[in-house]
Amino acid sequence: MASTPPLNVLFVTADQFRGDFLSCAGHPVVRTPNLDALGLQGAYLPNSYAPVPVCVPSRYAYMTGRSPISFGMRGNVGMRMPADAVTLPAAFGSAGYHTAAIGKMHFSPWTEPYGFDTFVVSEEGRQWRSDNPQGTKGDAYQQYLRDVRWGGYERAHAIGNNDVHTSTSPLPLEHYHTSWATRTTQQWLAEHVGRRANQPFFAWCSFTKPHSPYDPPEPYDRLYDPRTFPAPIGGLADIERLSPHYRASANSHFWDTLGPEQIQRARAFYAGNVTLIDHCVGELRRTLSQLGVDRTTVICFTADHGDLLGDHGLFFKSNYFRGAWHVPFFLYAPGCVEALGAVPRFSVSEDVYPTLLSLAGLPLPDSGGTLHGQDLSQDLRGGPRTVFGSVGRAPHQIHSARTLRWSYVFHPRGAYEELYDLQADPDECHNLADEPGAEHRSAIADLRAQLAAWLSSLGDSTSVDASGRLLADPTARGWTPDPSPRQGLGLRPY
């Protein structure tokens, strides 16, 4: 009997794409028909989270199957992946796959392909002074823009990438990064199928959007009206009695200077980029169909973290309000993950590694270390009952444990705690941690113990003591955040 040929894998990611800006998640305005269809034809996991909700750690989790906490990565620091890790493309490559990375990778160093055969990267203008391996200045997207006489416009806003800035992109739609990454992936797929029809592929298409600045190209800048777009949850008053960490973030980014019109415009423009990404997912699927490989290709779509978009007066990520670490997750595998629809189990970033290898029919490699991710395809209806997160370095870490009922957040500096009853308060506006009640105390004790056990299992000696208890500094209670920087808006470095 002939053996079943291995399946191809197309992995698609977006940067800073919050998990509730989807039609299938119940958003009343945002339109995502192609992702919705992918979820109906495969599986949509509405309880997916990025445990270290910033860019680089999530990408390293995809690449290694390990929790970034286990190798000391708690933020966007410039560190290499563990030397003993067999990266995801290396694992596919050793099984005979041809592998490609197209778009934003955010590796360190940025030119290190970590096992990819084809490496066509764009890093949001950060590398404009650097020579890439091909001997040209900047990354592949910057070179492309020069070739089409739009050189320099990848950073036309002239400010940092972590600013609440809204504008229509000066780039035509065809030259916008999302379009470029899609088209480059389509071209690579066509070339691969044409030249290596009998060799399976693993391709990662990685979009830089909907990450700020919020600058969709025409006509996606006009899809949603800021005046009628749903407003954010609460405001800065929500964080007044919580850890000063939140106020410090607001101060450092000048979020308290934003008016409601600016916030609404940011949300509407962000949604425009979400729908553009959705359109491009549909284009990638059409390419697979045209090439005749749609029934032999696994598809996975997810994001590295979310964006609060004004919820509780905050933007971006790096905390454990739902909008910051909740991400979309869609999975389709011919003959295995089909027509499942919404699947409520928890999933995390490091699950990508074992799941994609398993769905392709490949064994897990001996990577010299423990894989923390789980193969979602083996237990889509079950899975863990708690998801954990931790971000930041001492003394500014934030830890979290979340179940379907409760969200618990712990700030070691000052020993601040938060507890939200997600059934009664899904928007996380009413902190129950300081309120009396046996049920609340029991939930906090249970989730705090689970959180400490998780951090201990990852060898995190900066967050737990020798006896396995969470480290904290109650004497820092009431610490005062720094005021807003003296420089003006938009003058911070990249």
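Residues numbered from 1 in each chain as written. Predicted model: local features only at pLDDT ≥ 70, side-chain atom pairs only at ≥ 80, totals over all residues. Heavy atoms only, no water.

### Section: the pairing of strand E7 (residues 297-303)
Reasoning step 1: Taken across its seven residues, E7 has seven buried, putting it largely inside the fold.
Reasoning step 2: The pairing of strand E1 (residues 8-15) with E7 spans seven bridges and is classified as parallel. Of the residues in E7, the one forming a bridge with Ala14 is Ala303.
Reasoning step 3: The pairing of E7 with strand E9 (residues 329-332) spans four bridges and is antiparallel. Opposite Cys300, over in E9, you have Leu331 as the bridge partner. (Buried < 20%, exposed > 50% of the residue type's maximum accessible area, 1.4 Å probe, protein only. Helix = DSSP H or I, 4+ residues; strand = E, 2+ residues; numbered from the N terminus. Pairing = 2+ DSSP bridges.)

### Thoughts on the nonpolar core
Reasoning step 1: Counting 97 residues, the largest nonpolar core has Phe17, Phe301, Phe315 and Leu419 as its most contacted members.
Reasoning step 2: Ranked by residue count, the leading element in this core is helix H7 (residues 260-290), at 13 residues.
Reasoning step 3: By size, the runner-up hydrophobic cluster in this structure holds 42 residues, among which are Leu45, Met63, Phe92 and Ala333. (Core = buried A, V, L, I, M, F, W, Y, C linked by side-chain atoms within 4.5 Å.)

### Observations concerning the sheet that holds strand E8 (residues 326-327)
Sheet strands line up and pair through hydrogen bonds in the backbone, either parallel or antiparallel.
Reasoning step 1: An order of E8-E3-E11 is seen for the three strands of this open sheet, with the pairing classed as mixed. Where the open sheet ends on each side, the last strands, each with one partner, are E8 and strand E11 (346-348).
Reasoning step 2: Strand direction decides the pairing type here: strand E3 (residues 47-49) and E11, joined by three bridges, are parallel. Bridged to Tyr49 within E11 is Val348.

### Quick word on the side chain of Thr386
Reasoning step 1: Looking at where Thr386 falls in the secondary structure, it is placed in the loop between helix H9 (352-359) and strand E12 (387-391).
Reasoning step 2: The buried category is assigned to Thr386, whose relative accessible area is 11%.
Reasoning step 3: A polar side-chain atom of Thr386 sits 2.9 Å from a polar atom in the side chain of Gln450. (Polar contact = N/O pair within 3.5 Å; in protein donor to acceptor, adjacent residues only side chain to side chain.)

### Focus on unusual backbone geometry
With the exception of glycine, the majority of residues adopt a negative phi angle, and the majority of peptide bonds are in the trans configuration.
Reasoning step 1: Cis geometry is found at the peptide bond from Ser108 to Pro109, where omega equals -5 degrees.
Reasoning step 2: Mapped onto the elements of the fold, Pro109 is located in the loop between strand E4 (98-103) and strand E5 (118-121).
Reasoning step 3: Omega for the bond connecting Lys209 with Pro210 falls within 30 degrees of zero, at 15 degrees, which places this linkage in the cis form.
Reasoning step 4: Along the chain, the position of Pro210 falls in strand E6 (residues 201-210).
Reasoning step 5: Positive phi outside glycine occurs at Phe316, with the angle close to 70 degrees.
Reasoning step 6: Note that Phe316 resides in the loop between E7 and helix H8 (322-325).

### Details of the environment of Arg469
Reasoning step 1: By secondary structure assignment, the location of Arg469 is in the segment after helix H10 (438-457).
Reasoning step 2: Among the residues examined, Arg469 registers a relative accessible area of 56% and is labelled exposed.
Reasoning step 3: It is 7.7 Å that separates the C-alpha atoms of Arg469 and Ala449, two residues lying 20 residues apart in sequence.
Reasoning step 4: Beyond its immediate chain neighbours, meaning those up to four positions away, Arg469 contacts Ser463 and Val464. (Contact = heavy atoms within 4.5 Å.)

### What about the environment of Ser94?
Reasoning step 1: Structurally, Ser94 can be placed in helix H3 (residues 88-94).
Reasoning step 2: Residues Ser94 and Gly115 lie 21 residues apart in sequence; the distance between their C-alpha atoms is 9.6 Å.
Reasoning step 3: Only 2.9 Å separates the side chain of Ser94 from the backbone oxygen of Ala91, close enough to count as a polar contact.

### Topic: the sheet that holds strand E14 (residues 406-411)
Reasoning step 1: The strand order across the open sheet built from four strands is E12-E13-E14-E15, with neighbouring strands paired in antiparallel fashion. The open sheet has two edge strands with one neighbour each: E12 and strand E15 (416-421). Averaged over all adjacent pairs, the angle separating strand axes in this sheet is 10 degrees, with direction ignored.
Reasoning step 2: For E12 and strand E13 (residues 398-402), the ladder comprises five bridges, and the chain directions are antiparallel. In the sheet register, Gly389 faces E13, and the bridge partner there is Ser400.
Reasoning step 3: Here helix H6 (residues 244-253) sits on the sheet in contact with E13, E14 and E15, set at roughly 80 degrees to E14.
Reasoning step 4: Taken strand by strand, H10 contacts E12, E13, E14 and E15, and its axis lies near 65 degrees from that of E14. (Axes fitted to C-alpha atoms, helices over the stretch in contact; angles between N-to-C directions.)

### Some words on the pattern of salt bridges
Reasoning step 1: Counted under the stated rule, the structure contains 21 salt bridges.
Reasoning step 2: Note that Arg222 is salt-bridged to Glu218, the shortest N-O span being 4.0 Å.
Reasoning step 3: When its relative accessible area of 56% is taken as the criterion, Arg222 is described as exposed.
Reasoning step 4: Judged by relative accessible area, which is 49%, Glu218 ranks as partly exposed.
Reasoning step 5: The residue Asp421 makes a salt bridge to Arg405 at a minimum N-O spacing of 2.9 Å. Here Asp421, found in strand E15, pairs with Arg405, found in the loop between E13 and E14; they are 16 residues apart in sequence, far enough to count as distant.
Reasoning step 6: Note on Asp421: relative accessible area 12%, which makes it buried.
Reasoning step 7: Of the residues examined, Arg405 reaches a relative accessible area of 23% and is grouped as partly exposed.
Reasoning step 8: What you see here is one network of salt bridges that share partners, running through Asp15, Arg59, Lys104 and Asp304. (Salt bridge = Lys/Arg side-chain N within 4 Å of Asp/Glu carboxyl O.)

### Some remarks on the packing of aromatic side chains
Reasoning step 1: Enumeration over the complete set of coordinates arrives at 34 aromatic pairs.
Reasoning step 2: Relative to Phe119, the ring of Phe107 has its centre 6.2 Å away and its plane inclined at 20 degrees; by these criteria the two rings are stacked. Note that Phe107 is positioned in the loop between E4 and E5 and Phe119 in strand E5, a separation of twelve residues in sequence. Each member of the pair, Phe107 as well as Phe119, is classed as buried.
Reasoning step 3: Connected via pairs of aromatic rings, a cluster forms that spans Phe11, Tyr60, Tyr62, Phe92, Tyr97, Phe107, Tyr114, Phe116, Phe119, Phe202 and Trp204.
Reasoning step 4: Lying over the aromatic face of Tyr332, Arg285 brings its terminal NZ or CZ to 5.6 Å of the ring centre. (Phe/Tyr/Trp six-rings, centres within 6.5 Å; stacked < 30°, edge-to-face > 60°. Lys NZ or Arg CZ within 6 Å of the ring centre and 35° of its normal.)

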